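# Geometric and topological summary
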Amino acid sequence: MEFSIKSGSPEKQRTACVVVGVFESRKLSLPAELLDNAARGYLAELLRRGDMEGKAGNTLLLHKVPGTEADRILLVGLGKEREFREKEYRAAIATAVRTLNETGGFDGTLYLTELPVKKRGVAWRVRQAVLVAEETLYRFDQLKSKKDDVRRPLRKLTFCVERRTELAAAEQALIEGQAIASSMNYMKDLANLPGNICTPTYLAEQAGALGREHGLAVEVLDRAAMEELGMHSLLAVSRGSHQPPQFIIVKHLGGKVGAKPIVLVGKGVTFDAGGISLKPAHEMDEMKFDMSGAASVLATMKAAALMKLPLNIIAVVPTVENMPGGGAIRPGDIVTSMSGQTIEILNTDAEGRLILCDALTYVERFEPDCVIDVATLTGACVIALGGVVSGLLANHDALARELQDAGLDSWDRAWQLPLFDDYQEQLKSNFADMGNIGGRPAGTITAACFLSRFTKKYDWAHLDIAGTAWRSGKEKGSTGRPVPLLTHFLLARAAKKVGAGETAR
Ligand code: BES
Ligand code: MN
Ligand code: ZN
């Protein structure tokens, strides 16, 4: 999709379709009023006659309205003006884009981006409009032999802003929105691929291609290298699979030489059968999404490169397949992690933490400013928080706050859970330094407690995206989350550095 920004009167737009909003009941938004004036009250007349109420989700498509220059005018219902907030704004953009795509025009000019949204400025509205538009039009059909193409799909969207003084901010927001949206699509494509295609080796190849395209340094450690480093916890997980494990490192060095890097670690289990602690068959296909953490951090590196962020950022992806082959680890097996701590593997399905712990030890060498790991780690998180917010746990409250704020800003929200010491007891083992499970109570927290034992040397936060990374059911598929949260976090960090007197490159 091609996007642009414009400021100008709606009645003068020569375009396939001008889109304006109508509030309930029958109240024209400002741009709609301008159109109505040019059309000598034609729109108001239609509303009076009952053609449209302005209820959220309603649309009315008009052709060749007298006094206006566009081929069509699309009226989009916005619901009650008092209740029009972020969620309603996003829904209106989605309705507009979906309808435009189905009505056969190549381009559309949206005045919805001029609508006031409480506490949000023009930059937010434009960024979100790009994200929602791309989200609405995203399809994953590369593995279908027949694609159901739209006959005349939408190619170009123009977002309007009220004042010329807003143009610069809107243009910058457009660049950011496009970088985030294309990175989300990149994540979705990777995560939607099935386990027989998207293997650890495939992920490593994709990381290499990403590096070549965007000038990122990429390094991949193989099994021998991991053995050398003592990553026996990670290696234990991959033993039941024919797919060799990979350890991927991607670097974006846009900051000052020597500035401490932000490190992102993503869980890359390309298929999680559970191992010997085999999962039940129902919806097991969804465990191909168990590399969503990996896909999200690779996608975030793409966004960082596209936006040329003046930061040093390193992504680390431990990637394996968790299968119950003959070589698989057994419940009760004890392994020594790279940190030297021993782990009794009581459940082979709690594999995410087993690969992450070695990655979290590995990243100590970067002397990180902070480390954020992203993982589809626990079913308990789906039960606690559903698909609305990601679970957030941290050993540093200021970092947790930054991530929570980035989530609110990007509409990709996270909510903090406590990491109190009291929960650590649940990980006690009779035979090793710790067990890899803490029982049913507080499963998301005990998983994070396990990780916290490997993150003592730096500021660390953990995002459990088990509920937010994909949708189940009829609309099954990757959501592209938490790419918006992570990129907003980085954008805020970059802005802070520039504000503190460092120059952006
Ligand atoms: N990948 C799963 C977590 C998961 C489950 C994500 C359902 C999304 C939906 C993880 O590896 C896992 O199996 N976790 C276990 C841990 C348990 C054995 C302590 C779980 O949550 O059941
Ligand atoms: Mn598992
Ligand atoms: Zn898993």
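All figures in this text were calculated on a predicted structure; none of them were measured in a lab.

### Some points on the coordination of the manganese ion (ligand 2)
All of the protein donors around the manganese ion (ligand 2) are Asp272 (OD), Asp349 (O), Asp349 (OD) and Glu351 (OE); their distances to the metal are 2.0 to 2.2 Å. For the manganese ion (ligand 2), the six donor atoms are set out with angles of 71 to 167 degrees between them, so the coordination reads as irregular. All donors to the manganese ion (ligand 2) come from one chain, and their sequence spacing reads D-x76-D-x1-E.

### Here we look at the domain arrangement of the chain
Domain boundaries in the chain define domain 1 (2-162) and domain 2 (182-499). Each partner contributes to the interface: domain 1 provides 14 residues, whereas domain 2 provides 15 residues. Note on domain 1 versus domain 2: buried area summed over both sides is about 1,300 Å², and carbon and sulfur give 53% of it. Of all residues in domain 1, the largest losses of buried area upon contact with domain 2 belong to Glu135, Tyr138 and Phe140, amounting jointly to 38% of the total for that side. On the surface where domain 1 and domain 2 come into contact, there are three salt bridges.

### Overview of the coordination of the zinc ion (ligand 3)
Donor atoms from the polypeptide that coordinate the zinc ion (ligand 3) comprise Lys267 (NZ), Asp272 (OD), Asp290 (OD) and Glu351 (OE), at 2.0 to 2.4 Å from the metal. Because the angles between the six donor atoms bound to the zinc ion (ligand 3) fall within 78 to 176 degrees, the donor set is best described as octahedral. In this model, the zinc ion (ligand 3) sits 3.2 Å from the manganese ion (ligand 2), the two metals being bridged by Asp272. Taken together, the residues Lys267 in the loop between strand E10 (262-266) and strand E11 (268-272) and Glu351 in the loop between strand E14 (342-345) and helix H10 (352-362) connect sequence positions 84 residues apart. By relative accessible area, which is 2% here, Lys267 ends up buried. Glu351 sits in the buried class, given a relative accessible area of 1%.

Reading guide: rules and limits
Sequence order as written defines the numbering, with residues in each chain counted from 1. Numbering of ligands from 1 and lettering of chains from A proceed in the order in which they are written. Per-residue local features are limited, in this predicted model, to residues with pLDDT of at least 70; the limit for side-chain atom pairs, both in listing and counting, is 80 or more; totals at the level of whole chains, interfaces and linings are taken over all residues. For the side-chain quantities, the full set of heavy atoms in the structure was used; hydrogens and water were omitted. As a rule, N, O and S atoms within 2.8 Å of a metal are its donors, except that Na, K and Ca use 3.2 Å; water is not among the atoms, so sites may look incomplete. Here a site with four donors is tetrahedral if all angles are between 85 and 135 degrees, and a site with four or six donors is square planar or octahedral if opposite donors are over 155 degrees apart and the other angles are between 65 and 115; anything else gets the irregular label. Domain segmentation is taken from an automatic or database assignment of domains. Throughout, a contact is declared for two residues whenever any of their heavy atoms are within 4.5 Å. Buried area is calculated as the accessible area (1.4 Å probe) missing from two parts once they are joined, with the contributions of both summed. We define a salt bridge as a contact between a side-chain nitrogen of Lys or Arg and a carboxyl oxygen of Asp or Glu at a distance within 4 Å. Counting from the N terminus, the helices are DSSP H or I runs at least four residues long and the strands are E runs at least two residues long. The rule is simple: take the accessible area with a 1.4 Å probe, protein chains only, and divide by the maximum for that residue type; under 20% is buried, over 50% is exposed, in between is partly exposed.

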